[in-house]
Amino acid sequence: QVQLVESGGGLVQAGASLRLSCAASGMFVRRNAMGWYRQAPGNQRDLVATIISGGSTNYAGSVKGRFTISRDNAKNTVYLQMNSLKPEDTAVYYCAAARTADYMNTRTNYWGQGTQVTVSS
């Protein structure tokens, strides 16, 4: 049974940094594509960053240069380092694990419970 547990959200001021963690069990983060999504009230759930089995990463344009996705295979954990946070980054952030090594699929991903990130201006 795959479980993803996020932590690290909170309330910060614009310009601050946060690091989100996603501890996985029942699967290995090095074998599957892993990603972070976010969903603001009234909006759809959008893909923010991904890291595939081979280690390549990809980012949404709105966070490129500010956010960094990484993984610690020994801890079986994926991270999202978020710098220079903006009020528009406010959302619930979800960790997701793909069922494949190379790409995410919103319909078939495993999901964490989400963690709230609020950025005040």
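Everything that follows concerns the structure shown earlier in this document.
Quick summary incoming for the structure in this document.

Analysis parameters
- Residues numbered from 1 in each chain as written.
- Predicted model: local features only at pLDDT ≥ 70, side-chain atom pairs only at ≥ 80, totals over all residues.
- Heavy atoms only, no water.
- Helix = DSSP H or I, 4+ residues; strand = E, 2+ residues; numbered from the N terminus.
- Rg over C-alpha atoms; globule rule 2.2 N^0.38 Å.
- Buried < 20%, exposed > 50% of the residue type's maximum accessible area, 1.4 Å probe, protein only.
- Contact = heavy atoms within 4.5 Å.
- Areas by Shrake-Rupley, 256 points an atom, 1.4 Å probe, with all protein chains shown as cover.
- Lys, Arg positive; Asp, Glu negative; His and termini not counted.
- Charge placed at Lys NZ, Arg CZ, Asp CG, Glu CD.
- Phe/Tyr/Trp six-rings, centres within 6.5 Å; stacked < 30°, edge-to-face > 60°.
- Pairing = 2+ DSSP bridges.

With that settled, consider the overall build of the chain. When you go through the chain residue by residue, the secondary structure sums to zero helices and eleven strands. For 121 residues, the compact-globule estimate of 2.2 N^0.38 gives 14 Å, and the chain sits close to it at 13 Å. Seen through its C-alpha atoms, the chain measures out along the principal axes to roughly 40 × 25 × 25 Å. Residues classed as buried in the chain amount to 40% of the 121 residues present. Considering only contacts within the chain whose residues lie at least 6 apart along the sequence, 58% involve residues at least 24 apart. Roughly 6200 Å² of accessible area belongs to the chain as shown, and the carbon and sulfur atoms make up 45% of that amount. Computing the positive centroid from 12 side-chain charges and the negative centroid from 6, the chain places the two 5 Å apart.

This next bit is on the packing of aromatic side chains. Enumeration over the complete set of coordinates arrives at two aromatic pairs. When the centroid spacing of 4.8 Å and the interplanar angle of 65° are considered together, the rings of Y37 and W111 count as edge-to-face. Of the two residues, Y37 sits in strand β4 (residues 34-39) while W111 sits in strand β10 (residues 110-111), which places them 74 residues apart along the sequence. Residue classification places Y37 among the buried positions, given a relative accessible area of 3%. A residue is classified by how much of its surface remains accessible, and W111, at 27% relative accessible area, is partly exposed. Plain terms: the ring middles of Y94 and W111 are 6.4 Å apart, the flat faces sit at 90° to each other, and that makes the pair edge-to-face.

Bringing the environment of P87 into the picture now. Within the element layout of this structure, P87 appears in the loop between β8 (77-82) and β9 (91-97). On the basis of relative accessible area, P87 is assigned to the partly exposed category, the value being 35%. Considering only alpha carbons, one finds P87 and A14, 73 residues apart in sequence, at a separation of 6.3 Å.

With that settled, the discussion passes to the pairing of strand β3 (residues 18-25). Two faces belong to every sheet, and in a regular strand the side chains alternate between them. Relative to β3, strand β1 (residues 3-7) runs antiparallel, the two being bridged by five bridges. Within the sheet, the bridge partner assigned to E6 lies in β3 and is C22. Bridge count between β3 and β8: six bridges; the pairing is antiparallel. Each residue of the ladder has a partner; that of R19, found in β8, is Q81.

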